[in-house]
Amino acid sequence: MEAKVTKERIQYIDALRGFTMLLVVFAHVETYSFQHMENTTFLGELFKIFRMPLFFFISGFITYRPEGEWTFKNCGIMAAKKLRIQLLPTLILGLLYTYVCLNQDYVYFFTLPFKAGYWFTISLLEMFLMYYLIRLICEKIRMLRNYKLLLILLTAIALYTVNTITPLTQPAYNIASFSLTARYFVFFALGMIVSNYKETFFKLLDNGKVMLAVLTLFVALLIVYKKVELASTILVADITGLVGLVITFAFFRKYATSFDSSTRLGKSLQYIGKRTLDIYLLHYFLLPQNLTTLGKFFLEGQNIVLEFVVVIFLSILIVGVCLLLSNTLRLSSTAAKYLFGVRC
């Protein structure tokens, strides 16, 4: 199996990003449209477990560069770029959504860690900034590459441990959504490690016995997650999510030819994968309301096939409209700059 690479982009990775974006919209249809806030269906819980770990893992995977000039100037340029691309559009559209759709004010937006749903880009920005800072420090003390990755991983584990033992819920942390950053930075770090050792990782994915063990472990963890009270802890959920993302990554890599640009499915998912920021920022405005009756039906009936068909249809429809809106707004270079971080 050979994955196609176009302009230094691995096509199945772009398709995987697109699939993950669909999962995000899928989950938000379940949560906001069906009002599955506290209770959710098995299908909703299944996708919820690994969608965010997978998103951050992919972000780390495509971000890591073993070489580069890690100077104050270059880090400053990269940080400024990320601020322009991620923070400004998030603040503009996030506050607009808060005011118009939720009838709340800026206090609601800034004081809650989830930022009316717009926490992801803020947490991802913080991960980039921490990565830049660690690489800059490592460069100054001339640390070897393997130790750089170890330092990134240890930092992520330390943040995760502190946040698990004593959740970072103080006002300053809530403003920065830092409790969520602390939880998911470990997946970002693991994505970087896999990117550096991808040949070894790919050999493991190609080993049938290893994948059988991974699949078996995932099923066992799902059973624990659903049946045992201890499974409600973040740690068990995140371990399950880690195993789930490995399976998903392995699936897209194994069937990479089905997700390249020569296929309709691959071309569509890749296009979504290249516009994840636009879709993420816009989709909240398009989530259908007052579908609680349908949500109750799926919650009580547990009809997985019908639920999947209905929710994936709504998700694809929302993503399609997001792309239409995105392309329309991008007709204005000014709108593209401030809403999606596009350089004019």
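To start, this report covers the structure provided alongside it. No experiment lies behind these values; they were computed from the predicted model shown.

A word on helix 2 (residues 42-63)
For an α-helix the count is 3.6 residues per turn, leaving residues at separations of three or four pointing the same way.
Working step 1: Taking 1.5 Å of rise per residue, 22 residues should cover 32 Å, and helix 2 covers 33 Å from first to last C-alpha, within 8% of that figure.
Working step 2: The buried fraction of helix 2 amounts to 19 of the 22 residues, a majority that puts the element mostly inside the structure.

Structural notes on the nonpolar core
For soluble globular proteins, the rule of thumb is that nonpolar side chains tend to be buried together.
Working step 1: Of all hydrophobic cores here, the largest spans 102 residues; its most connected members are F56 and F249.
Working step 2: Among the elements that line this core, the one with the most residues is helix 2, at 12 residues.
Working step 3: Contacts of F249, omitting those with residues within four sequence positions, involve Y12, I13, L16, F57, F61, F201, F202 and L205.

Considerations on the packing of aromatic side chains
Working step 1: Considering all chains together, one arrives at 40 aromatic pairs under this definition.
Working step 2: With a centroid separation of 5.5 Å and an interplanar angle of 65°, the aromatic rings of F61 and F249 are classed as edge-to-face. In this pair, F61 is assigned in helix 2 and F249 in helix 11 (residues 234-254), connecting sequence segments 188 residues apart.
Working step 3: Between W119 and F120, the ring centres sit 6.3 Å apart and the planes meet at 80°, which makes this aromatic pair edge-to-face. Comparing W119 with F120, the two get one shared label, buried.
Working step 4: If you follow R253 out to its NZ or CZ, it ends over the ring of F202, 4.2 Å from the centre.
Working step 5: The ring of Y255 is capped by K254, whose NZ or CZ atom sits 5.9 Å from the centre of that ring.

Reading guide: rules and limits
- Residue positions are given per chain, counting from 1 as you read along its sequence in written order.
- Local features are withheld for residues below a pLDDT of 70 in this predicted model, meaning they are given only at 70 or higher, and side-chain atom pairs are given and counted only at 80 or more; totals for whole chains, interfaces and linings count all residues.
- Remark: hydrogens and water are excluded; side-chain values derive from all non-hydrogen atoms of the structure.
- Labels follow the DSSP assignment, with helices taken as runs of H or I lasting at least four residues and strands as runs of E lasting at least two, numbered in each case from the N terminus.
- Helix span, expected: 1.5 Å multiplied by one less than the number of residues in the helix.
- Categorising residues by exposure relies on relative accessible area from a 1.4 Å probe, with only protein chains included: less than 20% of the type maximum marks a residue as buried, more than 50% marks it as exposed, and the intermediate range marks it as partly exposed.
- Only buried residues count toward a nonpolar core, which is a set of Ala, Val, Leu, Ile, Met, Phe, Trp, Tyr and Cys residues joined through side-chain atoms within 4.5 Å.
- A contact between two residues is defined here by any heavy atoms of the two lying within 4.5 Å.
- Only Phe, Tyr and Trp rings are paired, with Trp represented by its six-membered ring, and only when their centres lie within 6.5 Å; those with planes under 30 degrees apart are stacked, over 60 edge-to-face, the remainder tilted.
- Throughout this description, the term charge over a ring refers to an Arg CZ or Lys NZ atom that lies within 6 Å of the ring centre and within 35 degrees of the ring normal.

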